[in-house]
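Survey of secondary and tertiary structure
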Amino acid sequence: MSVPLKASTPAPRPAPDHLAAVFAQYPLEVVSASGVWLNTRDRGRVLDLYGGHAVAALGYGHPGWTRALIAQAESCQFQTNAVPMDVRSRAAARLVRFAGLGLDTVFLVNSGAEANENALKMAFRLTSRPQVVAVEHGFHGRTAAAAAVTWGAAQKWYGLPRTPFDVSFIPRRDIAAIERHVTESTAAVIVEPVQGLGGAFDMGAPFLEALRRRCDATGAVLIFDEVQCGVGRTGFPFAANMYGVTPDMITTAKALGNGFPCAALLMSPRVAAALKPDALGTTFGGGPLACAVIEAVIEAIESQHLLEQVRRVGAYIRSTCIVGPVTGHQGAGHLTGLITRRPAKEIQAELLQRGILTGTASDPHVLRLLAPFILEEEHVDLLREALASLPA
Ligand SMILES: Cc1ncc(COP(=O)(O)O)c(C=O)c1O
């Protein structure tokens, strides 16, 4: 028997477009895009310094990426991981070579959260320990384990009755706190080497080196979450390369597919030794379409010298855009945080009025730039002019 709703209970109302109303909406509608430009229904051409939240690394309409996707779709769009495919082995080998860190076993999945979920599972499998250390202001995803290591999830949106393991959070860059948090009970330390949502906040080499040393001393596994900062965004293949610190596992996604959903977990030989058949699994992860685009993304980054371009143009942003309401910067490459005197949301809205799309962060005074790697100095000049025209 159904229970009648109380008169005071508002009837659930579907969103007008039937999509779950869980995302705050940017006030623009994109109809098409090309290079670093979005064509919108209501605002004309908009310069995209947000990149679909760090995803559109090659910009829009990249011919090599599009060709690779179409060719794979025409040849064979899907086979399960139980059926060997050359494109899958090629993608894994290309990713391992691109990283150059000796993390030479790859598990391909679909999303950043899923990569982190599996990384944590591998750490527990390897160490049989009960606890994980994460870093304050970090974001790792919305599934049970990934969200458990996400700062503030419990207070804001975790939504499950309990977390699956004990977590302690370490303050950012606090080297002195590491010894107290990371002990012989610690299975893993998970850290974004450059935090995304936390405000393009770079952890710095000394903190990451200290984590590496402490993990070596205690036997804990070091996981770099490079879902947002990886695959060239810092101007290096991974932030691990930039800092010269090699973790036991790297998780990555976003730029890896340039918009086709895919993610990867890269493992060291020590971690991979704990694998056995059925230890991990997925239906769609490592599908041939995803593998074809992974190859195409790395091929484009290498053949178009995009790492150099990200370093050069990222440095140009930092040296020219400290104007108007911007007082400083943090981050690396095209994961840049412009520190703002006024709330970043105000500046984001004012920039959009001037035809430039940017992002914000959990720090209310950081404007986050996640531009496509193909951004040029002439585009940065447009940002500088727009910022200079705003009230300080
Ligand atoms: C650093 C980091 N880790 C994990 C995730 C989760 O990735 P996904 O949304 O693909 O699950 C994100 C997403 O923004 C992220 O920025």
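Here, the structure is the one placed above.
This text gives an overview of the structure that appears in the document. Keep in mind it's a predicted model, so treat the numbers as computed, not measured.

1. Considering the side chain of Thr186
Position of Thr186 relative to the elements: it lies in strand S7 (residues 186–191). Polar contacts involving the side chain of Thr186 include one to the main-chain amide nitrogen of Thr183, which spans 2.8 Å.

2. Section: the packing of helix H3 (residues 86–99) against helix H11 (residues 288–303)
Where H3 meets H11, the closest approach of the two axes is 8 Å, and the angle between their N-to-C directions is 35°. For H3 against H11, the interelement crossing comes out left-handed. For the pair H3 and H11, contact is made by Val87, Arg88, Arg90, Ala91, Arg94, Leu95 and Phe98 and by Pro288, Cys291, Ala292, Ile294, Glu295, Ile298, Glu299, Ile301 and Glu302, respectively. A breakdown of the residues in the contact of H3 with H11 according to their chemical character gives ten nonpolar, no polar and six charged.

3. Here we look at the site of the ligand
Taken together, 13 residues form the shell around the ligand, and within it Gly112, Ala113, Asp225, Gln228 and Lys254 come nearest. Take Gly112: an N or O atom from its main chain is 2.8 Å from an oxygen atom of the ligand. Here an oxygen atom of the ligand sits 2.8 Å away from a polar atom, N or O, in the main chain of Ala113. In the complex, the protein chains occlude 80% of the 390 Å² of accessible area that the ligand would expose alone. One can see that the ligand is located within the largest pocket. Of all the elements, helix H4 (residues 112–127) adds the most residues to the shell around the ligand, at three residues. Across the shell around the ligand, the residue classes break down as three nonpolar, seven polar and three charged.

Rules behind the numbers
- Residues numbered from 1 in each chain as written.
- Predicted model: local features only at pLDDT ≥ 70, side-chain atom pairs only at ≥ 80, totals over all residues.
- Heavy atoms only, no water.
- Helix = DSSP H or I, 4+ residues; strand = E, 2+ residues; numbered from the N terminus.
- Polar contact = N/O pair within 3.5 Å; in protein donor to acceptor, adjacent residues only side chain to side chain.
- Axes fitted to C-alpha atoms, helices over the stretch in contact; angles between N-to-C directions.
- Left-handed = near helix turned anticlockwise from the far one by under 90°.
- Contact = heavy atoms within 4.5 Å.
- Nonpolar A, V, L, I, M, F, W, Y, C, P; charged D, E, K, R; others polar.
- Near = heavy atom within 4 Å.
- Areas by Shrake-Rupley, 256 points an atom, 1.4 Å probe, with all protein chains shown as cover.
- 1 Å grid on protein atoms, 1.4 Å probe; cavity = no way out; pocket = protein on both sides within 12 Å on 5 of 7 lines; lining within 4 Å.
- Sits in = over half its atoms within 2 Å of the grid points.

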